[in-house]
Number of protein chains: 2
Amino acid sequence: MARTNKERTEATRAQLVEAARKLFIGKGYADTATPDIAAAAGVTRGALYHHFEDKRALFRVVCEREAEAVAAAVDAATPSGTAPRDALIKGGEAYLEAMQLSGRTRLLLLDGPAVLGRADMDAIDARHGTRSLREGVVYAMREGALSRLLPVDAITALLSSAFDRAALAIDAGGDAEAYGQAMAALIDGLMQAR
Amino acid sequence: MARTNKERTEATRAQLVEAARKLFIGKGYADTATPDIAAAAGVTRGALYHHFEDKRALFRVVCEREAEAVAAAVDAATPSGTAPRDALIKGGEAYLEAMQLSGRTRLLLLDGPAVLGRADMDAIDARHGTRSLREGVVYAMREGALSRLLPVDAITALLSSAFDRAALAIDAGGDAEAYGQAMAALIDGLMQAR
DNA sequence: CGAATAACATACAGGCTGTATGTATGCAAT
DNA sequence: ATTGCATACATACAGCCTGTATGTTATTCG
């Protein structure tokens with residue numbers, strides 16, 4: 001099987017990321033050992049440390065990929081043209097649903113911030129999840145549904161955080177209905193305030 | 001120096017907890033090693049593992065103590081008799097201020113949930129921080145300032161999460177003014193919704 | 001006062017991370 | 001096509017850390 005170098009690299013990296021994703025999601029960052037990752041990927045630790053600077057770097061790539069997947073699900077649920085409030089509500093629901101998949105909440109909401117730090121995690125979020133939420137907020141302001149006097153980034157961060165907590169709570173067996181209702185109340189309340 | 005056993009135990013435990021607190025706050029959970037903790041406390045690792053089941057158990061005690069201190073600061077800022085809205089606003093401000101101390105945000109908002117898990121961390125919060133917030137929400141409902149139809153626990157959790165994020169953002173150099181404004185908007189919005 | 005127990009200290013085993021070194025495979029130039 | 005080099009790995013090693021097991025000293029209690 002004569003493979004070009006680029007093919008080898010891409011294949012190996014993909015296998016490592018996928019194996020790491022499964023383990024990080026299943027057992028969390030701390031309980032996942034690099035020997036396990038390498039074994040699951042069918043390579044040795046040498047390959048892992050050749051392609052990634054350290055365990056955290058691999059973890060970061062996994063987080064980025066997963067955050068992207070979640071953002072894609074949210075975007076799909078909020079086609080352009082949706083009314084401001086509907087966009088926020090529908091987007092929120094899609095987010096909560098996407099986060100229920102396997103152990104995404106632990107990966108993105110617990111291990112991610114702790115391992116990479118809030119700053120790095122915010123950067124990842126800004127590229128994916130938070131981005132669409134912020135657009136929703138700005139859109140609502142432009143439409144007059146939300147007071148233009150409010151600080152956009154702070155509002156976005158707070159809403160994002162509330163969504164995150166709802167996702168965690170539901171994942172832990174909380175009442176999805178109640179959290180959906182609470183999120184709607186938060187959003188509707190904001191839209192009335194001016 | 002003839003000391004009773006109870007005195008010895010209390011003194012040693014206190015030294016260990018204090019030393020651990022400083023290190024956990026300064027370097028985070030993962031980068032703090034038990035040999036360092038023991039050395040800083042002036043004992044050996046033997047003493048540490050005699051008094052605590054493992055590193056996590058010690059960490060849990062530190063979190064509990066620190067959460068208690070934060071809750072005390074919040075309670076002090078919201079004397080009984082304060083109007084519902086004022087209680088939430090003032091309490092929130094006191095919370096944000098108390099969380100700025102040293103590395104409390106990392107301890108309680110990043111490492112805590114990741115190391116102990118959301119469930120355990122929620123239990124700690126329920127005994128301290130969230131408790132007073134929940135009381136504020138219930139109080140506001142009773143006074144009619146907040147719709148009684150809303151799910152209390154979900155609302156409390158979401159507000160709590162928003163406060164947490166504000167604390168993290170401010171700690172990371174964010175605009176405290178903007179976050180205070182955003183929090184007020186969230187609270188006022190909720191109170192108008194019915 | 002002696003036996004039992006609690007409060008430590010010391011020693012050890014296993015595992016994990018990151019690095020250094022060795023080997024083979026693709027690649028590029030002559 | 002062969003030679004030389006870089007890339008993609010595999011193997012081996014050093015250091016550290018956690019948790020436990022064992023040993024020692026200080027209390028407590030009959």
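Before reading further, recall that the structure is shown in the block above.
Small disclaimer: the values here were computed from a predicted structure and weren't measured.

## Remarks on the overall build of chain A
Scanning chain A from terminus to terminus reveals 9 helices and 0 strands. Put simply, chain A runs from its N terminus to its C terminus through helices and strands in the order α-α-α-α-α-α-α-α-α. Taking the principal axes of the C-alpha coordinates as reference, chain A spans close to 65 × 35 × 25 Å. Burial status across chain A gives 44% buried among its 194 residues.

## Thoughts on the interface of chain B and chain A
With 32 residues of chain B at the interface, the matching set in chain A holds 32 residues. Listing elements by their share of the side of chain B that touches chain A, those giving two or more residues are helix 6 (104-127), helix 8 (152-171) and helix 9 (176-192) of chain B. Along the lines of polarity and charge, the residues of the side of chain B that touches chain A split into 23 nonpolar, 4 polar and 5 charged.

## Observations concerning the protein's contact with DNA strand C
Close to DNA strand C lie 22 residues; Thr-34 of chain A together with Thr-12, Thr-44, Gly-46 and Ala-47 of chain B are nearest. Of all the secondary structure elements, the ones that give two or more residues to the surface near DNA strand C are helix 2 (34-41) and helix 3 (45-51) of chain A together with helix 1 (5-27) and helix 3 (45-51) of chain B. Taken together, the residues of the surface near DNA strand C break down into 6 nonpolar, 10 polar and 6 charged.

## Comments concerning the nonpolar core
Formed by 118 residues in total, the largest nonpolar core has its most connected members in Leu-158, Ala-166 and Leu-186 of chain A together with Leu-158, Ala-166 and Leu-186 of chain B. Among residues more than four places away in sequence, those in contact with Leu-186 of chain B are Leu-158, Leu-186 and Leu-190 of chain A together with Ala-162 of chain B.

## Looking at the protein's contact with DNA strand D
Inspection of the region around DNA strand D gives 22 residues, with Thr-12, Thr-44, Gly-46 and Ala-47 of chain A together with Thr-4 of chain B positioned closest. Residue assignment for the surface near DNA strand D shows that the elements contributing at least two residues are helix 1 (5-27) and helix 3 of chain A together with helix 2 (34-41) and helix 3 of chain B. Counted by class, the surface near DNA strand D contains 6 nonpolar, 10 polar and 6 charged residues.

## Some thoughts on unusual backbone geometry
All names here are of chain A. One non-glycine residue with positive phi stands out, namely Ser-102, at about 40 degrees. The topology assignment puts Ser-102 in the loop between helix 5 (84-99) and helix 6 (104-127). With 14 C-beta atoms packed within 10 Å, Ser-102 lands in the partly exposed category.

## Some points on the relation of the copies chain B and chain A
The two copies are related by a screw motion: chain B maps onto chain A through a turn of 180 degrees and a shift of 0.0 Å along the axis, at an RMSD of 0.1 Å. With respect to symmetry, the two chain copies, as superposed, fit the operation of a two-fold axis. No C-alpha of chain B lies nearer the rotation axis than that of Gly-189 of chain B, which sits 1.8 Å from it. An overlap of 100% is found between the interface residues of chain B and their copies at the interface of chain A, pointing to a shared contact surface.

## With respect to the environment of Val-43 of chain B
Residue and element names in this part refer to chain B. With respect to the helices and strands, Val-43 occurs in the loop between helix 2 and helix 3. In this structure Val-43 comes out as partly exposed when scored by C-beta crowding, with 17 C-beta atoms within 10 Å. Apart from the residues within four sequence positions on either side, Val-43 is in contact with Thr-12, Gln-15, Leu-16, Ala-38 and Leu-48.

## Concerning helix 4 (residues 55-77) of chain B
All names here are of chain B. For helix 4, which comprises 23 residues, the first-to-last C-alpha distance of 34 Å matches the rise-based estimate of 33 Å (1.5 Å per residue) to within 8%. For helix 4, the complete set of buried residues consists of Leu-58, Phe-59, Val-62, Cys-63, Glu-66, Ala-67, Val-70, Ala-71 and Val-74. As for helix 4, its buried residues are in contact with helix 1, helix 3, helix 5 (84-99), helix 6 and helix 7 (129-142).

Rules used in this analysis
Residues numbered from 1 in each chain as written. Chains lettered and ligands numbered in written order. Predicted model: local features only at pLDDT ≥ 70, side-chain atom pairs only at ≥ 80, totals over all residues. Helix = DSSP H or I, 4+ residues; strand = E, 2+ residues; numbered from the N terminus. Buried ≥ 20, exposed ≤ 12 C-beta atoms within 10 Å, placed from the backbone. Contact = placed C-beta atoms within 7 Å. Nonpolar A, V, L, I, M, F, W, Y, C, P; charged D, E, K, R; others polar. Near = placed C-beta within 6 Å. Core = buried A, V, L, I, M, F, W, Y, C linked by C-beta atoms within 7 Å. Least-squares fit on C-alpha atoms with pLDDT ≥ 70 in both. Expected span 1.5 Å × (residues − 1).

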